[in-house]
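Residues per chain are reported as follows:
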6 protein chains.
Amino acid sequence: MLHLPKTVLAVGSHPDDIELGCGGTLARHVARGDRVIMLVITKGQAGPGDVAARIIEQEHAAATLGAELVWGDLPDGRVSNHELHLVHLIESVIRANRVQVVYTHGVEDTHQDHRAVALATLGAARHCQQVLTYESPSSYGFSPRVFVDISSAMDKKAAALRCHGSQVADSAMVCLDAVHSQAGYRGFQSRVGSAEGFVPHRIVLEV
Amino acid sequence: MLHLPKTVLAVGSHPDDIELGCGGTLARHVARGDRVIMLVITKGQAGPGDVAARIIEQEHAAATLGAELVWGDLPDGRVSNHELHLVHLIESVIRANRVQVVYTHGVEDTHQDHRAVALATLGAARHCQQVLTYESPSSYGFSPRVFVDISSAMDKKAAALRCHGSQVADSAMVCLDAVHSQAGYRGFQSRVGSAEGFVPHRIVLEV
Amino acid sequence: MLHLPKTVLAVGSHPDDIELGCGGTLARHVARGDRVIMLVITKGQAGPGDVAARIIEQEHAAATLGAELVWGDLPDGRVSNHELHLVHLIESVIRANRVQVVYTHGVEDTHQDHRAVALATLGAARHCQQVLTYESPSSYGFSPRVFVDISSAMDKKAAALRCHGSQVADSAMVCLDAVHSQAGYRGFQSRVGSAEGFVPHRIVLEV
Amino acid sequence: MLHLPKTVLAVGSHPDDIELGCGGTLARHVARGDRVIMLVITKGQAGPGDVAARIIEQEHAAATLGAELVWGDLPDGRVSNHELHLVHLIESVIRANRVQVVYTHGVEDTHQDHRAVALATLGAARHCQQVLTYESPSSYGFSPRVFVDISSAMDKKAAALRCHGSQVADSAMVCLDAVHSQAGYRGFQSRVGSAEGFVPHRIVLEV
Amino acid sequence: MLHLPKTVLAVGSHPDDIELGCGGTLARHVARGDRVIMLVITKGQAGPGDVAARIIEQEHAAATLGAELVWGDLPDGRVSNHELHLVHLIESVIRANRVQVVYTHGVEDTHQDHRAVALATLGAARHCQQVLTYESPSSYGFSPRVFVDISSAMDKKAAALRCHGSQVADSAMVCLDAVHSQAGYRGFQSRVGSAEGFVPHRIVLEV
Amino acid sequence: MLHLPKTVLAVGSHPDDIELGCGGTLARHVARGDRVIMLVITKGQAGPGDVAARIIEQEHAAATLGAELVWGDLPDGRVSNHELHLVHLIESVIRANRVQVVYTHGVEDTHQDHRAVALATLGAARHCQQVLTYESPSSYGFSPRVFVDISSAMDKKAAALRCHGSQVADSAMVCLDAVHSQAGYRGFQSRVGSAEGFVPHRIVLEV
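The model shown is predicted, which means the values in this text are computed figures rather than measured ones.

**Structural notes on the overall build of chain A**
From N to C terminus, chain A includes seven helices and seven strands. Overall, chain A shows an N-to-C arrangement of helices and strands of β-α-β-α-β-α-β-α-β-β-α-α-α-β. Computed over its C-alpha atoms, the radius of gyration of chain A comes to 16 Å, within 12% of the 17 Å expected for a compact globule of 207 residues. If one aligns the C-alpha atoms of chain A with their principal axes, the spans along those axes are about 45 × 35 × 30 Å. Looking at chain A as a whole, 64% of its 207 residues qualify as buried. Considering only contacts in chain A between residues 6 or more positions apart, those separated by 24 or more positions represent 78%.

Spelled out as C-alpha cells, the structure:
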C-alpha cells in the first residue's frame with residue numbers, strides 16, 4: 001500500500017509554541033512527503049521580543065521545518081475573548097486546505113491563550129479523523145499514551161527552536177536543555193530514542 | 001512507502017471475547033496482509049456451553065477472521081491466581097512470533113478474568129510499540145479516543161460472532177443487536193460508518 | 001408512597017440540543033405527570049436553517065414532547081461572552097418555577113456554547129438536589145453511569161427530532177441512525193432496551 | 001404511583017463496614033418498606049475483638065437497622081485469594097433473593113479485602129440496575145455525586161455502630177465523631193442536613 | 001535547620017472565599033512567622049451585603065488572621081471577561097512581594113469567578129514552587145491528598161469567618177456548622193484533629 | 001524551628017526499584033539527618049543476574065545512599081499471591097521503627113509485583129502522615145504534582161544505580177541515560193535543576 005501524502009495542520013498560540021510541542025513530528029511529516037501548515041494565532045506581542053523580530057523568527061522556523069506558515073490576527077493574552085472568531089479562523093484553514101491531521105495545545109495548560117486555542121481547535125476540527133494535542137512548558141497533568149519517534153528529526157526540532165532567538169534568550173519557558181530531556185524521557189516511555197508525546201482527542205487508526 | 005506486513009496479537013480471556021472487542025479490526029489487519037494471532041487464555045469452562053463445543057466454535061471463528069488460534073491453559077474464573085504464569089505465557093507468544101501490535105481487554109472491567117488478562121498483557125507487552133485495549137460487554141468507564149473503521153469488516157465480525165452459537169443462544173452478554181448498536185455509536189463518534197473503539201496503552205504512530 | 005409531580009428544567013444551547021441529549025427522558029417525565037420546561041439559550045443563528053424556521057421547529061418539538069418552551073436571548077456561538085447574564089437567566093427560570101430537577105450539557109464538549117451553558121447551569125442550579133448532564137454529538141470523554149430507560153419513549157424522541165427538519169437535512173451532527181445506535185448502546189450498558197445516559201453532577205436519591 | 005417494595009443487598013468485608021458506609025441509607029430503605037439484606041464476607045478474625053463477640057455485635061447491628069444478616073465464609077485479610085468463590089457467593093445471594101439494589105465498597109480503598117469485595121460485587125451484580133459504592137475510613141479519591149439524605153436515620157446509624165463495641169473501643173478507623181463530621185460534610189455537599197455519599201457504578205433512574 | 005520565614009499569598013474571588021478555603025492554614029503560617037498576603041479579586045458586589053460593609057468585614061477578617069489585605073478591582077460575577085488583566089494583577093503581587101507559596105481556588109467549581117481566579121492564579125504563579133488549590137462550598141470533584149493540621153487554628157478560622165456577618169446571615173454557602181463538619185472530616189482523612197484539604201498544583205517538597 | 005530528624009521508609013519490589021524511583025530523595029533525607037530504611041520485598045530471582053550478586057549489589061547501593069537495608073522474603077513475580085503477609089511485613093517495619101514518611105511504587109504500573117507492593121504499602125501505612133508514590137520505568141499514567149529537588153543528590157543516585165551492575169548491563173528497564181533525561185524533565189516541570197516526581201497518597205504539610 002502506497003503512502004498517500006496528507007495535509008497536516010499544527011495550531012499554536014504564539015511563535016515557538018508549535019515547535020516546542022510537535023516540531024519533530026512536523027519534520028517527520030515533511031520528510032514523508034506530507035504538506036504541513038503552521039497556524040500561529042497571535043504574534044506574541046505580550047512576551048519578550050518585539051513583534052517584527054518574532055515574525056521573522058517564526059518564518060525562519062517554519063522554513064527550517066519545511067512547513068507553510070499562516071498567521072492568525074488575535075491579540076496575545078486575550079485570545080479567549082474572541083472564541084467564535086477563533087473557531088471560524090481555524091475552520092477556514094481546515095476547509096480551504098482539506099486538512100486531515102491536526103495538532104494543537106492540550107487543554108490542561110496554565111496559559112490562558114493555550115487553553116483557548118486548544119478548545120477552539122477541537123471544535124473547528126470536529127470532522128477531522130486525527131486530532132492530537134501536544135505538550136507545552138505550561139502543560140500540567142499531561143500524560144501521553146501516543147508518541148512519535150523523532151530520533152531522526154531532533155536536529156530539525158532544535159534548529160527550528162534556535163530560530164526563536166528572542167525567546168531562547170529571555171523566556172524561562174524556552175530552554176533547549178529541557179527540550180532534550182523531555183525528548184529523551186518521552187523516548188524512554190515509548191521504547192524509542194527521542195520522542196514527542198501526544199494526548200489523542202480522536203484518532204482513526206489506519207489498519 | 002510500502003506497507004510492511006505486521007504480526008498482530010489479540011489476547012482474550014474466553015472464547016468470543018476477542019471477536020466482541022476487536023473482531024472487525026482483526027479482519028482489517030488480515031485484509032491488509034498482516035499476520036494475526038488470537039490467544040485465548042481459558043476454554044470458557046465456567047460459562048454456558050460445554051468445553052468441546054466452545055473449542056470448535058472458537059476454531060471456526062478464528063478461521064472466519066483468517067487468524068491463527070493459540071490456546072492458553074488457565075482455569076476460567078481463576079486466572080488471577082496464576083498471574084506470573086499468565087505473564088510468561090503471553091510473553092512467550094510475543095517473543096516466538098515477534099509480535100508488534102497487541103490488543104487486549106481494558107483494565108476497568110467487572111469480570112475478574114478480564115482484569116487479570118488486561119494487566120498481564122500490559123506487562124508482557126512492555127517492549128511492544130503498539131498496545132491497545134478493547135471494549136467488552138462488562139467494561140465500565142471505557143471512553144475511547146482511538147478508533148478503527150470496520151465498515152468493510154462488519155460482516156466478518158458478525159460471522160465470527162455467530163460461530164459462538166452456545167454464547168449467542170445463552171449468554172446475555174453476547175447480543176448481536178447490541179454489537180451493531182455499539183459499532184454504529186463508535187462509528188458516529190469517529191466520523192466513519194461502523195467502528196471499534198480503543199483506549200491506547202501505548203502507540204508509537206508511524207509519521 | 002404516591003409520586004408527587006416535579007418541575008423539571010432542561011437547558012440547551014441551540015434548538016435540537018435538548019432533544020438529542022434527553023428528549024426521551026423528558027417524554028418519560030411528562031408521561032409520569034411532571035411539568036417539563038425546555039430553556040433554549042440561543043436561536044441557532046449560526047447553524048444551518050434560518051432563525052424563523054428554527055423557532056417554529058423548536059416549538060413543534062417541545063409540543064411533541066409535551067413540554068413548555070422558554071427562549072434565552074444569547075447570540076449563537078458567543079454565549080461565553082455573557083457568562084453572568086446566562087447564570088442569571090437560568091437562575092430566574094429555576095426560581096420562578098421552583099425547579100427541582102435540571103438537565104444540561106456535559107462540560108466536556110467541543111462546542112464553545114455547550115461548555116458555557118453546561119458550566120452556567122451548574123452554577124445556577126447550585127441549590128437543586130438533582131442536576132444531570134447529558135450527551136451531545138460533540139461530547140468527548142462522556143462516560144455515563146446513570147441511565148434512563150427510554151424504550152417506551154423512543155418514538156417521541158425520534159418524532160421531536162424530526163421536527164428539526166433544517167438540521168436533519170443539513171447538519172452532520174444530527175443523524176437519526178446515530179441516535180438509534182446510541183440509544184441501543186446505552187440501553188445495553190444499562191441492561192434495558194433503549195436508554196439515555198447521564199453523568200450526574202448531583203443526585204439526592206429518594207430512598 | 002405507589003412505591004413497590006424492593007429487595008436491597010449491602011455487601012461488606014467485615015463486621016461494621018456496611019454500617020459505616022451506608023447504615024443510614026439502609027435504615028431509610030427499611031422505613032420505606034424495602035427488604036434489606038446485609039452480607040458480611042468475613043467475621044473480622046484479623047481485627048480487634050474476638051470472633052464470637054463480633055458475630056453478636058453484627059447481629060445486634062443488623063437488628064437495629066431492621067435488616068437480615070447473611071454471613072460469608074472467607075478469611076479476613078485474604079479475601080482476594082478466593083475471587084471466584086466470592087463472586088459465586090454474592091451471585092447466589094442476589095439470585096436467591098431477586099435483589100434489585102446493591103451497595104458495596106468503593107474500589108479505591110487501601111484495605112485489600114475492601115478492594116476484593118468491591119470488585120467481586122460489581123461482577124456478581126452485572127445484571128442489577130442499581131449498584132452503588134459507599135465510602136469507608138480507608139477509601140481514597142472518593143468523590144461522591146450521589147447522596148442519600150439520612151437526617152431522619154442518623155440516630156439509627158449511630159446506634160448500629162455502637163453495637164460494634166469492640167471496634168469503637170479499639171479501632172482507630174471506627175470513630176463516632178468522625179462519622180458525624182462526615183455525615184454533616186456530605187449533607188452540606190448535597191444541600192440536606194446529614195447524608196451518605198455514593199459513587200454510582202450503575203443507576204437506572206426511575207423517571 | 002532553622003525555618004526561614006516565607007511570603008505566602010492567598011487569592012480569592014470574593015470576601016470570605018479565602019477564609020473558607022484556607023483560613024486555618026493562613027493562621028498557622030502567621031503563627032510560624034511567615035508573612036501572609038490576602039488578595040481579594042472583587043468586592044462581592046453581586047452577593048448579599050453592601051460593598052461598604054463587605055470591605056470592612058474583610059478588613060476585620062484579615063486582621064483576625066494576622067494577614068495583609070490587597071484588593072483587586074474586578075467586577076463580581078464577570079471576572080472571566082478580564083482574564084489578561086487578572087493574570088497581570090496576580091503576577092504583580094507575586095513579583096512585588098517575592099511570593100513563594102500560593103493558595104487559590106480549585107478549578108472545578110460551579111461559580112464562574114472561582115474558576116477564572118483559579119486558572120489565572122495557576123498562570124501567574126508559574127514560577128512559584130508551591131501552589132495549592134483549596135476547597136469552596138461550590139467545589140465539586142474535590143479530592144484532596146494534601147492536608148494542613150488546623151487543630152490549633154480552628155478558633156482563628158471561625159473568628160475570621162464570623163467577621164463576614166453579612167454572609168453568615170444571608171448566604172446559604174457560608175455555614176459555620178458545615179465549616180466544622182468539613183474540618184472534622186478532612187481531619188479524619190489526614191489522621192489529625194481538624195484539617196483543611198488541598199489539591200496540589202505543584203509542590204517542591206523540602207526534604 | 002529546628003528540623004527534627006525523621007524516620008523514612010522506602011519500599012520496593014526488587015533490587016534497584018527504590019533507587020530508580022526515589023534514590024535522590026533518600027540521599028537528601030540522609031544529608032538532612034533523617035534515618036532512612038530501604039525495604040526490598042524480593043531478591044529479584046526472576047530478573048537478570050543471580051540472587052547472590054543482586055544481594056551484594058543492593059547492599060552496596062544502600063550503603064552508597066547511607067540507608068539501612070531490610071529484606072522481605074517474597075517470591076519475585078508472585079508477590080500478589082501473598083497479600084496479607086506483605087501487608088503484615090510492611091506494617092511490622094513501620095511499627096518497629098516508628099516510621100513517619102513512606103515512599104512506594106505508584107499503583108498504575110505494568111509489573112504485577114509493583115502493583116502489589118504499592119497497594120500493600122498504602123494499607124500498611126494507613127496511619128502515617130506522609131505517603132508518596134514514586135515513578136518506575138514500568139509506570140503508566142504517572143502525572144506528578146509533588147517534586148523533590150535532587151540537583152545536589154544526582155551523583156549519589158547515579159552511583160547507587162551503578163551498584164546494580166547486573167541490571168545496568170542486562171535490563172532494558174535500567175538505563176542511566178533515561179534516568180538523567182527523566183530527572184531533567186521532572187526538574188523543568190518543578191522549576192529546579194533535577195528532580196524526582198511523586199504522586200501523593202497523603203501528605204500532612206508542616207505549615
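Next comes the rest of the description.
**Section: helix α3 (residues 83-97) of chain B**
Here α3 of chain B spans 22 Å end to end across 15 residues, near enough to the 21 Å set by a 1.5 Å rise per residue. Taken together, the buried positions of α3 of chain B are occupied by Glu83, Leu84, Leu86, Val87, Leu89, Ile90, Glu91, Val93, Ile94 and Asn97 of chain B. Where α3 of chain B is buried, its residues meet β1 (7-12), β2 (35-40), β3 (68-71), β4 (101-105) and α4 (112-124) of chain B together with α4 (112-124) of chain F. Following α3 of chain B by one or two positions, Arg98 of chain B has its phi on the positive side, about 50°.

**Observations regarding the interface of chain B and chain A**
At the interface, 30 residues of chain B touch 30 residues of chain A. Around 2,700 Å² of area is buried between chain B and chain A when both sides are counted, 57% of it from carbon and sulfur atoms. Where chain B packs against chain A, one counts zero salt bridges. Scanning the region where chain B abuts chain A turns up 16 residue pairs in polar contact (both at pLDDT 80 or more). Elements supplying a minimum of two residues to the side of chain B that touches chain A: α1 (17-32), β5 (130-134), β6 (146-149) and β7 (195-205) of chain B. Counting residues per element, the side of chain B that touches chain A draws most heavily on β7 of chain B, at six residues.

**Quick word on the relation of the copies chain E and chain A**
With an RMSD of 0.0 Å, the fit of chain E onto chain A corresponds to turning through 120° and sliding 0.0 Å along the axis. On the angle and the small slide along the axis, the relation comes out as a three-fold axis. Judged by C-alpha distance, Asn81 of chain E is the residue of chain E that lies nearest the rotation axis, at 4.1 Å. With a heterologous cut-off of 20% or less, the 10% of interface residues of chain E that recur at the interface of chain A puts this contact in the heterologous class.

**Regarding the pattern of salt bridges**
The full count for this structure, using the stated rule, is 42 salt bridges over all chains. Across the pair Arg54 of chain C and Asp16 of chain C runs a salt bridge whose closest N-O atoms are separated by 3.8 Å. Taken together, the residues Arg54 of chain C in helix α2 (residues 51-65) and Asp16 of chain C in the loop between β1 (7-12) and α1 (17-32) connect sequence positions 38 residues apart. Of the two residues, Arg54 of chain C and Asp16 of chain C, both sit in the buried class. Note that Arg186 of chain E and Glu135 of chain E form a salt bridge whose closest N and O atoms lie 2.9 Å from each other. Residue Arg186 of chain E is located in helix α7 (residues 176-189), and its partner Glu135 of chain E is located in the loop between β5 (130-134) and β6 (146-149); the two are separated by 51 residues in the primary sequence.

**Let's talk about the packing of helix α3 (residues 83-97) of chain E against helix α4 (residues 112-124) of chain E**
Residue and element names in this part refer to chain E. The geometry of α3 relative to α4 is characterised by a closest axis approach of 9 Å and an angle of 50° between their N-to-C directions. In terms of their interaxial angle, α3 and α4 are classed as oblique. The two elements α3 and α4 meet at a crossing, and its hand is right-handed. Contact with α3, carried on its side by Leu86, Val87, Ile90, Glu91 and Ile94, involves Ala116, Val117, Ala120, Thr121 and Ala124 of α4 and no other residues of that element.

**Digging into the relation of the copies chain B and chain A**
Between chain B and chain A, the superposition needs a rotation of 180° and an axial shift of 0.0 Å, giving an RMSD of 0.0 Å. Accordingly, the operation relating the two chain copies is best matched by a two-fold axis.

Conventions used here
Residues numbered from 1 in each chain as written. Chains lettered and ligands numbered in written order. Predicted model: local features only at pLDDT ≥ 70, side-chain atom pairs only at ≥ 80, totals over all residues. Heavy atoms only, no water. Helix = DSSP H or I, 4+ residues; strand = E, 2+ residues; numbered from the N terminus. Rg over C-alpha atoms; globule rule 2.2 N^0.38 Å. Buried < 20%, exposed > 50% of the residue type's maximum accessible area, 1.4 Å probe, protein only. Contact = heavy atoms within 4.5 Å. Expected span 1.5 Å × (residues − 1). Buried area = accessible area lost by both parts, 1.4 Å probe. Salt bridge = Lys/Arg side-chain N within 4 Å of Asp/Glu carboxyl O. Polar contact = N/O pair within 3.5 Å; in protein donor to acceptor, adjacent residues only side chain to side chain. Least-squares fit on C-alpha atoms with pLDDT ≥ 70 in both. Axes fitted to C-alpha atoms, helices over the stretch in contact; angles between N-to-C directions. Parallel < 35°, antiparallel > 145°, perpendicular 65-115°, else oblique. Left-handed = near helix turned anticlockwise from the far one by under 90°.

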